[in-house]
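# Coordinate inspection notes
Listed below, chain by chain, are the residues.
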Amino acid sequence: MCEEHMIESVFEPPGAHRARPCKPAEARRAVERAVAERCRTTHTPCDTDALSDALLVASELTTNAILHGGGVTDFQVDVDGPGVRVSVSDRSDALPVTVPRTDPHGRMRHGGHGWPIVCRLARDVRVSDLPAGGKCITAVVPLS
């Protein structure tokens, strides 16, 4: 859903509080722990390439929340079935966009690679409005 954003309301139970990664490295560690725990409990090998994709998606979503969304307001990771679901919330209502690789003068732009990376590596990407403002981006990355 990277070209057409699915918008939906997301409600959390009152008083819900989770420690949230505020930096890309913390998000990567949270994803790595969740995937390692699943592999350990299911006695299945961990696909290192798939894990690398999930780590990159978590890093890019967190970085984008910091750079463009006013900071990370929530972070969730869940290993469900054949994939890992990473959700990052921020303060901005603005939808992610893909920017042209060059400016109007033909010069290469810095940055602008994160959203296309997320869209390429995830099998499902959803952008949800949050009741108190801001948005939550959820990406599901296959683990095999």
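If you look the protein chain up in an unreviewed UniProt entry, it shows as ATP-binding protein from Streptomyces hawaiiensis.

## A closer look at the overall build of the protein chain
Along its length, the protein chain carries three helices and four strands. Reading the helices (α) and strands (β) of the protein chain from amino to carboxyl end gives α-α-β-β-α-β-β. Looking at the protein chain as a whole, 38% of its 144 residues qualify as buried. With an accessible surface of roughly 8500 Å², the protein chain has 54% of that area assigned to carbon and sulfur atoms.

## Comments concerning the pattern of salt bridges
Where charged atoms from two side chains of opposite charge approach closely, those side chains can pair. Tallied over the entire structure, the rule returns six salt bridges. Across the pair R40 and E37 runs a salt bridge whose closest N-O atoms are separated by 2.3 Å. Remark: E37 and R40 occur in helix α1 (residues 24-42); sequence separation between them is three residues, near one turn of the helix. What makes E37 partly exposed here is its relative accessible area of 35%. Ionic pairing is found between K135 and D90, a salt bridge with its closest N-O pair at 3.0 Å. Remark: D90 occurs in strand β2 (residues 83-90) and K135 occurs in strand β4 (residues 135-142); sequence separation between them is 45 residues. Among the charged side chains, a salt-bridge network with shared partners connects D78, D80 and R85.

## Focus: unusual backbone geometry
One non-glycine residue with positive phi stands out, namely H43, at about 55°. Here H43 is to be found in the loop between α1 and α2 (48-68). Relative accessible area serves as the criterion here: at 71%, H43 is assigned to the exposed category.

## Thoughts on the side chain of S89
For S89, the position within the fold is in strand β2. Ignoring sequence-local partners within four residues, the contact set of S89 consists of A65, G71, V72, T73, D74, L130, K135 and C136.

## Considerations on the nonpolar core
Judged by nonpolar contacts, the single largest core of 28 residues is most densely connected at V31, V35, L61, F75, V84 and V86. Those elements that provide at least two residues to this core are α1, α2, β1 (72-80), β2, α3 (114-121), β3 (124-129) and β4. By residue number, the principal contributor to this core is α2, which donates eight residues. Discounting chain neighbours no more than four positions away, the residues touching V35 are C46, L51, V79, V84 and L143.

## Re the environment of T42
Along the chain, T42 falls in helix α1. Under the relative-accessibility criterion, T42 is labelled partly exposed at 38%. Of note is the side chain of T42, whose polar atom sits 2.8 Å from the side chain of T44.

## What about the state of the cysteines?
The tally for this structure, following the rule as stated, stands at zero disulfides. The thiol sulfur of C39 is not disulfide-bonded, and the nearest other cysteine sulfur, from C46, lies at 3.9 Å.

About the cut-offs
Residues numbered from 1 in each chain as written. Predicted model: local features only at pLDDT ≥ 70, side-chain atom pairs only at ≥ 80, totals over all residues. Heavy atoms only, no water. Helix = DSSP H or I, 4+ residues; strand = E, 2+ residues; numbered from the N terminus. Buried < 20%, exposed > 50% of the residue type's maximum accessible area, 1.4 Å probe, protein only. Areas by Shrake-Rupley, 256 points an atom, 1.4 Å probe, with all protein chains shown as cover. Salt bridge = Lys/Arg side-chain N within 4 Å of Asp/Glu carboxyl O. Contact = heavy atoms within 4.5 Å. Core = buried A, V, L, I, M, F, W, Y, C linked by side-chain atoms within 4.5 Å. Polar contact = N/O pair within 3.5 Å; in protein donor to acceptor, adjacent residues only side chain to side chain. Disulfide = S-S within 2.5 Å.

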